[in-house]
Amino acid sequence: MADDRRRARRRGQGELEAQVLSALREADGPATAGWVQERLGGDLAYTTVITILTRLLAKGAVTRERAGRSFAWTAASDQAGLAARKMRRLLDAESDREAVLASFLTGLGPDDERLLRELLGRSRGEGED
């Protein structure tokens, strides 16, 4: 029974990362892991918060600076930026970029395809100045 309750409260890594990033974005400045832990309700172990922050640092989603004997953390990107980094990492891992991009594009719905084409057109227009 206790195992069932523990499993029901278990969150996925992506969800924890999103919550930690959200907390950091709400901070008035760089925040300690302890502050993040409190902001998230204190139900996460301090070591779990440190692990998530370290993973986010490796992904480039947060930065850190020395604060005494520990670190203060700052969000370097929002959820969209984190998702874009994941997409680039996946694309960089493939040998046939053209096939991956073509497959991605054909899998998009009409609204997303239109939006992507608009964004590409805008980025090309900005480079012509």
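Above this text is the structure in question.
Residues numbered from 1 in each chain as written. Predicted model: local features only at pLDDT ≥ 70, side-chain atom pairs only at ≥ 80, totals over all residues. Heavy atoms only, no water.

1. Side note on the packing of aromatic side chains
Here is the rule we go by: Under the pairing criterion, centres of Phe, Tyr and Trp rings, with the six-membered ring standing for Trp, must be within 6.5 Å; the plane angle then separates stacked pairs below 30 degrees from edge-to-face pairs above 60, leaving the rest tilted. Charge over a ring is defined by NZ of Lys or CZ of Arg lying within 6 Å of the ring centre and within 35 degrees of the ring normal.
Applying the stated criterion to the full structure yields one aromatic pair. Seen from the ring of F71, R64 lies directly overhead, with NZ or CZ sitting 3.9 Å from the centre.

2. As for the side chain of Q37
Definition in use: To qualify as a helix, a DSSP run of H or I must reach at least 4 residues; to qualify as a strand, a run of E must reach at least 2; elements of each kind are numbered from the N terminus. Relative accessibility under 20% of the residue-type maximum defines a buried residue, over 50% an exposed one, and the middle range a partly exposed one, all with a 1.4 Å probe and only protein chains included.
With respect to the element layout, Q37 can be found in helix α3 (residues 33-39). Assessed through its relative accessible area of 19%, Q37 is described here as buried.

3. Considerations on helix α5 (residues 79-92)
Stated precisely, the cut-off is as follows: Helix span, expected: 1.5 Å multiplied by one less than the number of residues in the helix.
Counted at 1.5 Å a residue, the expected span for α5 with its 14 residues is 20 Å, and the 20 Å between its end C-alpha atoms agrees. Every buried residue of α5 is listed here: G81, L82 and L91.

4. Regarding the pattern of salt bridges
Our working definition: Salt bridges are identified by distance alone: a Lys or Arg side-chain nitrogen within 4 Å of an Asp or Glu carboxyl oxygen.
If you walk through the whole model with that rule in mind, you get five salt bridges. Across the salt bridge formed by R97 and D92, the nearest N and O atoms sit 2.8 Å from each other. Notably, a salt bridge pairs R114 with E118, separated by 2.9 Å at the nearest N-O pair. Of the two residues, R114 and E118 both sit in helix α7 (residues 110-126), four residues apart, roughly one turn of that helix.

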